[in-house]
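These are the residues of each chain, in order.
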Amino acid sequence: MDRLGSFEELVLIVVGRQAGEGYAVTIQDALECECHEEISLGAVYATLDRLEQKKLLRSSVGGATSERGGRRKRYFELTAPGAAALRQMQEIRARLHAGSAIRA
């Protein structure tokens, strides 16, 4: 399996936390809140598309809403391979951190 980029990993974590209820704007909001920096919506869309092509997440289109001018939201959810990729990254990070003395 290809290694995830750091931003891809963050997006997958947020999608997993939002449990199928997340769409690009809520994912962007969560990333900005946790990263304490401005995140481009275009970067979120591009990453979501790339992760869907890799079959690490899937999307479905919800009903039209008046708050979005009648446009439909595209919801994202983690797939089994996406969850496995996150577990793999978590294990790699744990091994790398084990025994390391991070000093300021």
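For the structure itself, look to the data block above.
A look at the packing of aromatic side chains
Okay, step 1: Applying the stated rule across the entire model yields one aromatic pair.
Okay, step 2: Plain terms: the ring middles of Tyr23 and Tyr75 are 5.8 Å apart, the flat faces sit at 85° to each other, and that makes the pair edge-to-face. A residue pair is termed long-range when its members are at least 10 positions apart, and Tyr23 in the loop between helix H1 (6-17) and helix H2 (24-35) and Tyr75 in strand S2 (residues 72-78) qualify at 52 residues.
Okay, step 3: Assessed through its relative accessible area of 21%, Tyr75 is described here as partly exposed.

Thoughts on the side chain of Gln28
Okay, step 1: Note on placement: Gln28 falls in helix H2.
Okay, step 2: Apart from the residues lying within four places of it in its own chain, the contact partners of Gln28 are Ile39, Ser40, Leu41 and Val44.

Here we look at helix H4 (residues 80-97)
Okay, step 1: The terminal C-alpha atoms of H4 lie 26 Å apart, and with 18 residues this matches the ideal 26 Å at 1.5 Å per residue to within 8%.
Okay, step 2: Among the residues of H4, Gly82, Ala85, Leu86, Met89 and Ile92 are the ones counted as buried. The buried side chains of H4 occupy one side of the element, clustering within an arc of 125° when seen end-on. Away from the buried face of H4 by more than 90 degrees, exposed residues Ala80, Gln90 and Arg95 are located.
Okay, step 3: Taken together, the buried residues of H4 touch H1 and S2.
Okay, step 4: Residue Gly99 follows H4 closely and has a positive phi angle near 80°.

Describing the nonpolar core
Okay, step 1: Membership of the largest hydrophobic core comes to 20 residues, with the highest contact counts inside it found for Leu4, Ile27 and Leu48.
Okay, step 2: Elements that contribute at least two residues to this core include exactly H1, H2, helix H3 (41-53) and H4.

Digging into the packing of H1 against H2
A packed helix pair is summarised by two numbers, namely the angle formed by the two axes and the spacing between the axes.
Okay, step 1: Viewed as axis vectors pointing N to C, H1 and H2 meet at an angle of 115°, and their least axial separation amounts to 10 Å. By the angle between their directions, the pair H1 and H2 is classed as roughly perpendicular. Crossing of H1 over H2 shows right-handed handedness. Residues Phe7, Leu10, Val11, Val14, Val15 and Arg17 of H1 form the contact with H2, whose own contacting residues are Ile27, Ala30, Leu31, Glu34 and Cys35.

About the thresholds
- Residues numbered from 1 in each chain as written.
- Predicted model: local features only at pLDDT ≥ 70, side-chain atom pairs only at ≥ 80, totals over all residues.
- Heavy atoms only, no water.
- Phe/Tyr/Trp six-rings, centres within 6.5 Å; stacked < 30°, edge-to-face > 60°.
- Helix = DSSP H or I, 4+ residues; strand = E, 2+ residues; numbered from the N terminus.
- Buried < 20%, exposed > 50% of the residue type's maximum accessible area, 1.4 Å probe, protein only.
- Contact = heavy atoms within 4.5 Å.
- Expected span 1.5 Å × (residues − 1).
- Arc of directions from axis to C-beta.
- Core = buried A, V, L, I, M, F, W, Y, C linked by side-chain atoms within 4.5 Å.
- Axes fitted to C-alpha atoms, helices over the stretch in contact; angles between N-to-C directions.
- Parallel < 35°, antiparallel > 145°, perpendicular 65-115°, else oblique.
- Left-handed = near helix turned anticlockwise from the far one by under 90°.

Any link to function would need more than the numbers given here.
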